[in-house]
2 protein chains.
Amino acid sequence: MAKAAIIGGGVIGGGWAARFLLNGWDVAIFDPDPQAPRKLDAILQNARASLPALSDLPMQAEGQLRFADTLAEAVAGADYIQESVPERLEMKHRVYAEIQRTAPNTPLGSSTSGFKPSELQDGARNPAAIFVAHPFNPVYLLPLVEIVPGPAHDAALIERVKGLLRDLGMFPLHLRMEIDAHIADRFLEAVWREALWLVKDGIATTEEIDEAIRMGFGLRWAQMGLFETYRIAGGEAGMKHFMAQFGPCLSSPWTKLMDVPEFNDALVDLIASQSDAQSGHHTIGELERIRDGNLVGFLRVLKERNWGAGKVLNDHDARRKSAMPAASTGPEPDMAAPLVLTQMQVLPGWIDYNGHMAESRYLFAASETSDALLRLIGADMTYVGGGHSYYTAESHITHLGEARLGDDLTGSVQVLGADDKRLHIFVTIARHKVPVATIEQILLHVDMKAGRTCPAAPAVLDRLLPIRDAHATLPRPAQAGRHVGERKS
Amino acid sequence: MAKAAIIGGGVIGGGWAARFLLNGWDVAIFDPDPQAPRKLDAILQNARASLPALSDLPMQAEGQLRFADTLAEAVAGADYIQESVPERLEMKHRVYAEIQRTAPNTPLGSSTSGFKPSELQDGARNPAAIFVAHPFNPVYLLPLVEIVPGPAHDAALIERVKGLLRDLGMFPLHLRMEIDAHIADRFLEAVWREALWLVKDGIATTEEIDEAIRMGFGLRWAQMGLFETYRIAGGEAGMKHFMAQFGPCLSSPWTKLMDVPEFNDALVDLIASQSDAQSGHHTIGELERIRDGNLVGFLRVLKERNWGAGKVLNDHDARRKSAMPAASTGPEPDMAAPLVLTQMQVLPGWIDYNGHMAESRYLFAASETSDALLRLIGADMTYVGGGHSYYTAESHITHLGEARLGDDLTGSVQVLGADDKRLHIFVTIARHKVPVATIEQILLHVDMKAGRTCPAAPAVLDRLLPIRDAHATLPRPAQAGRHVGERKS
């Protein structure tokens, strides 16, 4: 089991801890704040309620969480260290010195938004192990992490770190050179400054500014960035046209960004009181859950369309799936009983507006189970790659109960009949051994290129037909052979 | 029928025209470009494929579109005029003079991002009718429109315009005073300038910048703006804590925004070539459809959660519903034929390892269609919120073809039977009117809290039973009443 050390357990460090834990890593946290365990628990609850909804595969078992009494204890044996202490350089230097007394060669990423890696590395025992890994809140949901190596760096270590972060479902953006505020925060800073001017000058309230963002360009930027959006805005003529049309505006006196508003108590009070008026009817905890629900929704939309952050999620699922053991590598199941082939958990994305599992997800669970049967008889991905597969011709689903969020389900299959071209199965989806749905199906063996049925390969039939014969003695399920609307007999 | 005059039919003007037309307004366009009708047609096709997906009610009949030969002809008899001509002040003044010779008192909104209303009004016959109504591309989908009255203004006229724009499903943000670039474009301008520096200095490519936006803060800003996001980032301590933590960074030399990069051919070529490398494998038309599909997905997510732009959509639906005659939700579909209720496109996430649509997605498509039927008979989200719903008891699916990526599918439903508790339907998923799958289902009306069946509300039955009676004369589909494995008769 891989181990991550999280140094600093606030909003950002806690978000990192949640992402590592839910991806199966053990995590040791060091944070001297006595409130740290309580705060982390709140973050973990939010993460558990949202992150699993992003995957179509069951989650790994959560890793073990431990609060370390000392920095040295936290980093001992760690495969990765993430530092998220307050933005004071002398404090970071002190922390790095102590870390590198125990673990000088462990990759040490900093969540800093304010310091360049050269500043972080300054005076370190092993500067090449230190780099910027700047995430975005909520760390457990947003994919972006800016990776900025310093002047002293180990290219192989950076590549290893990027791979590791991808395995957490993140999108490492590797900056080619260090720069103040990296990339994203330069934009945030520019917008923040302009927004402070607008509030200070009484042009707009914090609420009006937020509406100006989320009702318009914010929606655009969740799926395309600045340049791709403007490429489209140029119409058929594209980017050059856009540049020609809007480029000259750059010299207009549009912004007040030549200067910085004085950051005094009056400005803080003005912003804070407007923010209270805008959002004060929700607690921070409520706002976090609203935000996370919205983000999960957006990310699922993008995932279905394999676009932007959704492509990151699909790639992550594909990597995880290919790393899973094939069903046939496990101990041979007892063939003379319905075969229990899948174990699933009901994910948030499976829930419909009635509050329980959407009907199409029962068929999805049955597909996962019939796919496991196909792998078991050797009709696996390699077989499909050779141009043959089983296609479903017909299905009949009965609903016997309602699965709910987080339920553990099993999928089992009974072979009702089979010959060289046809496979007739009966799948039961059960919760604690009580069926919640049954799915009867006919699958046909096809030559995919010719688009017609053909006999399965002998090696497949050699595995399938003995199961059929063993199942011939099982009682026929009551739901088999029913048509829709038939009265119970 | 209300009439809008659209002056200038490019990307923005065409977007306005589409929003008015699809909301039932007649539209007259004036644009001397001979390509204008062809360009508008492309925009209208995109709008028709996306805007109706935002409403849970049937759309109004589309208004009539006419290309006017003269400005005067376009604005004659118009209830509203929107100007989207190029950003040259003398041209706008010329256009306004001509408009106001014919229609001096008609509200005249300008799509300008570069000019203040005082500049637009300068020298006009009736300055009080002229104001800024600045929308965001794509105008037919994004709700934001900045309304900026000038020094001479008619408060009643501005309020009437805001109501009219709300009736188009938009979110008018009323600026309390005029300011260069209004609000949103000040932010876009700040980000744009900073981005140009990053590209010019070789820090990041256009693609890296876009990823830095859409993998991180772009996702946040589609649902909360700057201040609400930062309020959460402050953790439990909220806005004041955030300000204290990050406020001082303002004086750091984070951005290069004190200056403007020289806008020369070399910069244009650099940006355009990077943009080609990033997005050139998609045509602008493809990018528009990808963008619109993503935006519809986001907006539906927000609508389900009644948050941000989704609340605007819900409010819009509610206003439309309350304005409809009591017995009807719009033009009645032809009830004496299977009801075509959904239009879907096969998305990348729907494809299985065989390269075509996964079997569970056919049932998903059927659910979307049966949900549309339930909304049609009044068993909508409000009804579910009241504790009653229809649950599927049983389904039978036959596969007649293979849907592939990008296929356009329709879902239609025939009511085979219904009483106060049971609903027996037959859904056909078709591509170009050829069925690819059929789904026969029994749904039961349930009291969700008690967890048992009960009679549907009379208002629901009043809408359902006439459909049942009208469908009684339709031929019974061949696949209905089949059990799995039954030989074709």
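Residues numbered from 1 in each chain as written. Chains lettered and ligands numbered in written order. Predicted model: local features only at pLDDT ≥ 70, side-chain atom pairs only at ≥ 80, totals over all residues.

Draft legend 1. Local environment of the sheet that holds strand β1 (residues 3-7) of chain A. All names here are of chain A. Spatial ordering of the open sheet is given by β3-β2-β1-β4-β5-β6-β7-β8, a layout of eight strands whose pairing is mixed. Among the strands making up the open sheet, the edge pair consists of β3 (65-67) and β8 (171-174). Strand-to-strand twist across the sheet, computed as the mean angle between neighbouring axes with direction ignored, equals 25°. (Pairing = 2+ DSSP bridges. Helix = DSSP H or I, 4+ residues; strand = E, 2+ residues; numbered from the N terminus. Axes fitted to C-alpha atoms, helices over the stretch in contact; angles between N-to-C directions.)

Draft legend 2. Here's a closer look at the nonpolar core. The biggest cluster of nonpolar side chains holds 192 residues, and the ones touching the most others in it are Val191 and Phe298 of chain A together with Val191 and Phe298 of chain B. Within the second largest apolar cluster, 80 residues are counted, among which are Phe364, Leu443 and Val484 of chain A together with Leu409 of chain B. (Core = buried A, V, L, I, M, F, W, Y, C linked by C-beta atoms within 7 Å. Buried ≥ 20, exposed ≤ 12 C-beta atoms within 10 Å, placed from the backbone.)

Draft legend 3. Highlighting the interface of chain A and chain B. On the chain B side, the residues contacting the 127 residues of chain A number 127 residues. Residue classes in the side of chain A that touches chain B are distributed as 69 nonpolar, 36 polar and 22 charged. The pairing of strand β10 (residues 388-399) of chain A with strand β10 (residues 388-399) of chain B spans five bridges and is classified as antiparallel. Across the sheet, threonine 398 of chain A pairs through a bridge with glutamate 394 of chain B, a residue of β10 of chain B. (Contact = placed C-beta atoms within 7 Å. Nonpolar A, V, L, I, M, F, W, Y, C, P; charged D, E, K, R; others polar.)

Draft legend 4. A look at the sheet that holds strand β5 (residues 108-110) of chain B. Residues and elements named next belong to chain B. Across the sheet, eight strands lie side by side as β3-β2-β1-β4-β5-β6-β7-β8; this open sheet has mixed pairing. Of all the strands in the sheet, just β3 (65-67) and β8 (171-174) have a single pairing partner and so form its edges. If you compare each strand with its neighbour and ignore which way they point, the axes differ by 25° on average. Here strand β1 (residues 3-7) pairs with strand β4 (residues 80-83) via four bridges, running parallel. By the bridge assignment, isoleucine 7 is partnered in β4 with glutamate 83.

Draft legend 5. Quick peek at the confidence of the model for chain A. All names here are of chain A. Looking at chain A as a whole, its pLDDT mean stands at 88, while 91% of the residues score no less than 70. Long-range and interchain partners of residues 327-331, a stretch whose pLDDT sits below 50, account for seven contacts in this model, where long-range means more than four residues apart. Confidence estimates for the predicted assembly give a pTM of 0.75 and an ipTM of 0.75. (pLDDT = per-residue confidence, 0-100.)

Draft legend 6. Up close: the environment of glutamate 83 of chain B. All names here are of chain B. Counting through the fold element by element, glutamate 83 comes out in strand β4. The spatial distance from the C-alpha of glutamate 83 to the C-alpha of valine 95 is 8.6 Å, given a sequence separation of 12 residues. Excluding anything up to four places from it in sequence, glutamate 83 contacts Ile7, Gly8, Lys92, Val95, Leu108, Ser110 and Ser111.

Draft legend 7. Quick peek at helix α2 (residues 36-50) of chain A. All names here are of chain A. If you check α2, its first and last C-alpha atoms are 21 Å apart, about what 15 residues at 1.5 Å a residue would give, namely 21 Å. Along α2, the positions that sit buried rather than exposed are Leu40, Ile43, Asn46, Ala47 and Ser50. The buried residues of α2 all sit within an arc of 120° when viewed along its axis, so they share a single face. Those residues of α2 that are exposed and angled more than 90 degrees off the buried face are Arg38 and Asp41. (Expected span 1.5 Å × (residues − 1). Arc of directions from axis to C-beta.)

Draft legend 8. Fine view of the packing of helix α12 (residues 284-304) of chain A against helix α13 (residues 309-323) of chain A. All names here are of chain A. Where α12 contacts α13, the axes come no closer than 7 Å and their chain directions differ by 75°. Between α12 and α13, the angle is such that the two are roughly perpendicular. In this structure, α12 contributes Leu299, Leu302, Lys303 and Glu304 to the contact, and α13 contributes Ala309, Gly310, Leu313 and Asn314. Looking at the contact of α12 with α13 residue by residue, the classes come out as four nonpolar, two polar and two charged. (Parallel < 35°, antiparallel > 145°, perpendicular 65-115°, else oblique.)

Draft legend 9. Up close: the packing of helix α14 (residues 359-376) of chain A against helix α14 (residues 359-376) of chain B. Two elements in contact, α14 of chain A and α14 of chain B, have axes whose closest approach is 8 Å; the angle formed by their N-to-C orientations is 175°. In this view, α14 of chain A runs roughly antiparallel relative to α14 of chain B, as classed from their interaxial angle. Contacts from Glu359, Ser360, Leu363, Phe364 and Ser367 of chain A of α14 of chain A reach α14 of chain B at Glu359, Ser360, Leu363, Phe364 and Ser367 of chain B.

Draft legend 10. Layout of helix α12 (residues 284-304) of chain B. Between the first and last C-alpha of α12 of chain B there are 30 Å, a value that for 21 residues agrees with the 30 Å anticipated at 1.5 Å per step. Considered for burial, the residues of α12 of chain B that qualify are Glu288, Arg291, Asp292, Gly293, Asn294, Leu295, Gly297, Phe298, Leu299, Val301, Leu302 and Lys303 of chain B.

Draft legend 11. Molecular detail of the environment of glycine 411 of chain A. Residue and element names in this part refer to chain A. Inspection of the secondary structure puts glycine 411 in strand β11 (residues 408-418). Using a count of 27 C-beta atoms within 10 Å as the deciding quantity, one classes glycine 411 as buried. Taking the C-alpha atoms as reference points, glycine 411 and valine 460, separated by 49 residues in sequence, lie 22 Å from one another.

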